[in-house]
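The primary structure of each chain is shown beneath.
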Amino acid sequence: MTVVNTISEVRKIVKQWKREGMTVGLVPTMGYLHEGHQSLIRAACENDKVVVSIFLNPMQFGPDEDLASYPRDIQRDKTKCMEAGADLIFAPDPEEMYCDNFQSYVDVDLLTKELCGLTRPCHFRGVCTVVTKLFNIVTPDRAYFGQKDAQQLAVIKRMTEDLNMDIEIIGCPIVREKDGLAKSSRNTYLSDEERKAALVLSQAVKLGENMVNNGEKDCEKVISAMTDIINSEPLARIDYVKITSLLTMQQVKHIDEPVLAAVAVYIGRTRLIDNFSFNQI
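Here the residue index of a chain counts from 1 through its sequence in written order. pLDDT decides what is reported in this predicted model: residues at 70 or higher carry local features, side-chain atom pairs at 80 or more are listed and counted, and totals for whole chains, interfaces and linings draw on all residues regardless. The side-chain values count all of the structure's non-hydrogen atoms but skip hydrogen atoms and water molecules.

1. A few points about the side chain of asparagine 57
Here a strand is any run of E in DSSP of at least two residues, a helix any run of H or I of at least four, and the numbering for each starts at the N terminus. When you line up the elements, asparagine 57 lands in the loop between β3 (49-54) and α3 (74-84). Relative accessible area serves as the criterion here: at 0%, asparagine 57 is assigned to the buried category. Engagement of the side chain of asparagine 57 in a polar contact is seen with the side chain of glutamine 60, the distance being 2.9 Å. Residues within four places of asparagine 57 in sequence aside, it is in contact with Met30, Tyr98, Gly126, Val127 and Val130. Whether a residue is buried, partly exposed or exposed follows from its accessible area with a 1.4 Å probe, protein chains only, as a fraction of its type maximum: under 20%, in between, or over 50%, in that order. Pairs of N or O atoms within 3.5 Å make up the polar contacts considered here, provided that, within protein, one atom can donate a hydrogen while the other can accept it, and that residues adjacent in sequence are counted only when both atoms are side-chain atoms. By definition, residues are in contact when any of their heavy atoms lie within 4.5 Å.

Below, the structure is given as structure tokens:
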């Protein structure tokens, strides 16, 4: 497995692969990889070659968010990538990705106005800009994103379609701990007490999913039940519990179309997300 830090090196390698008729899969990450990221890499192995980008993108962090404290361990990441079957790691510095006086951005409108976009207004602009740059640099045939970040997945799919990017976007299932907690690099922030408290996210998601699968169509009732579970935990503080259209990410009152039920919850100072989707209409 090769590790490179510059755009020119990535392009040289990928161009050679493509001259040889190989397909390329891309897994964009911010590093501190876990089993969830490895599941994306393994899915990407359906291609002839797999590139994993490891870039802690400053553009998608707000001024009061956790950019400075976000976990970093490139040696650990290399091991995770090798175990999962990656061929190339692209790990640039911010100066490599953003030149002096950088001033070109990519925005997606409607889909970014709800859920995480409400409390993180700059987040998706940063995500879309860096993902577009990665697509231009790596020129993958397919790119892989986890469904835990369901809004991000929807935004990337919309952006790719709107801008006529010749890339297939693959969404991959949420990977969970044995007790149900969704895998996240931010789980490392949690104390032992907070780690136990964080289970209210997956418990709320499971309850909501069971209600909908059993025929409940009233969003208010589902949201109320999920909210009650989360509020039963003293260490939990809700950012949002919402049900939106899978297509538009706008809130709905009745489940008569494919929907996303999503939660964002602070456990202590750590913000965690989880969700389920329902397509059986």
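2. Structural notes on the packing of helix α6 (residues 123-138) against helix α7 (residues 150-162)
Helix-helix packing: each pair is described by the crossing angle between the helix axes and the interaxial distance. All axes are obtained by fitting lines to C-alpha atoms, using only the stretch in contact for helices, and the reported angles, taken between N-to-C directions, cover 0 to 180 degrees. The interhelical angle for the contact between α6 and α7, taken along N-to-C directions, is 55 degrees, at an axis separation of 11 Å. When the interaxial angle is binned, α6 and α7 end up oblique. The two elements α6 and α7 cross, and the hand of that crossing is right-handed. Contacts from Phe124, Val127, Cys128, Val131, Thr132 and Phe135 of α6 reach α7 at Gln151, Gln152, Val155, Ile156, Met159 and Thr160. Each angle gets one of four labels, with under 35 degrees taken as roughly parallel, over 145 as roughly antiparallel, 65 to 115 as roughly perpendicular, and the rest as oblique. Two helices that cross are described as forming a left-handed crossing if the nearer one is turned anticlockwise from the farther one by less than a right angle, and a right-handed crossing if clockwise.

3. Description of the sheet that holds strand β9 (residues 270-278)
Pairing within the open sheet is antiparallel, and its three strands lie in the order β7-β8-β9. With one partner strand each, in any of the chains shown, β7 (236-245) and β9 form the two edges of the open sheet. Direction aside, neighbouring strands of the sheet carry axes that sit 15 degrees apart on average. Pairs of strands are assigned from DSSP output, requiring at least two bridges between the strands. Sheet topology note: the strand β8 (residues 259-267)/β9 ladder contains nine bridges and is antiparallel. In the strand pairing of β9, valine 265 is matched with leucine 272. This element, helix α9 (residues 199-213), spans β7, β8 and β9 of the sheet and lies at about 15 degrees to β9.

4. Quick notes on the environment of methionine 249
Inspection of the secondary structure assignment puts methionine 249 in the loop between β7 and β8. Taking C-alpha positions, methionine 249 is 16 Å from isoleucine 223, a pair spaced 26 residues apart along the chain. Excluding anything up to four places from it in sequence, methionine 249 contacts Leu111, Glu114, Leu115, Gln151, Ala154, Thr244 and Leu260.

5. Section: the state of the cysteines
Two cysteine sulfur atoms form a disulfide, by the criterion used here, when they sit within 2.5 Å. Here the structure, examined in full by the defined rule, presents zero disulfides. We note that cysteine 99 lacks a disulfide partner, and the nearest cysteine sulfur, in cysteine 128, lies 19 Å from it. A disulfide-free cysteine, cysteine 172 has its sulfur positioned 11 Å from the sulfur of cysteine 45, the nearest such atom. Since its relative accessible area comes to 6%, cysteine 172 is described here as buried.

6. Some points on the environment of glutamine 147
Structurally, glutamine 147 can be placed in the loop between β5 (142-146) and α7. With a relative accessible area of 32%, glutamine 147 lands in the partly exposed category. C-alpha of glutamine 147 to C-alpha of phenylalanine 276: the two residues are 129 residues apart in sequence and 8.8 Å apart in space. Apart from residues no more than four positions distant in its own chain, glutamine 147 is found in contact with Leu153, Gly171, Cys172, Pro173, Ile174 and Asn275.

7. Observations concerning the pairing of β7
Burial analysis of β7 places seven of its 10 residues in the buried class, which makes it a mostly covered element. Inspection of the sheet shows β7 paired to β8 by nine bridges, in the antiparallel sense. Looking at the pairing, alanine 236 lines up with isoleucine 267 of β8.

8. A look at the nonpolar core
Take the buried residues of types Ala, Val, Leu, Ile, Met, Phe, Trp, Tyr and Cys, join any two whose side-chain atoms come within 4.5 Å, and each joined set is a nonpolar core. Among the nonpolar cores identified, the biggest contains 46 residues, and Val51, Phe90, Phe135 and Met159 are the most heavily contacted of them. When contributions to this core are tallied by element, the ones reaching two or more residues are α1 (7-19), β2 (24-29), β4 (88-90), α6, β5, α7 and β8. The biggest single contributor to this core is α6, with nine residues. Core analysis: the second largest hydrophobic core is formed by 27 residues, Leu190, Ile243, Ala261 and Ile267 among them.

9. Overview of the pattern of salt bridges
Salt bridges are identified by distance alone: a Lys or Arg side-chain nitrogen within 4 Å of an Asp or Glu carboxyl oxygen. Applying the stated rule across the entire model yields 13 salt bridges. For arginine 125, the salt bridge goes to aspartate 107, with nearest N and O atoms at 3.7 Å. Highlighted residues: arginine 125 in helix α6 and aspartate 107 in the loop between α4 (94-97) and α5 (116-119), separated in sequence by 18 residues. Residue arginine 142 is joined to glutamate 168 by a salt bridge in which the shortest nitrogen-to-oxygen separation is 3.2 Å. Taken together, the residues arginine 142 in strand β5 and glutamate 168 in strand β6 (residues 168-172) connect sequence positions 26 residues apart. Its relative accessible area of 22% is what places arginine 142 among the partly exposed residues. Looking at glutamate 168, the relative accessible area reads 41%, which means it is partly exposed. Sharing partners across several salt bridges, the network here consists of Glu35, Glu177 and Lys183.

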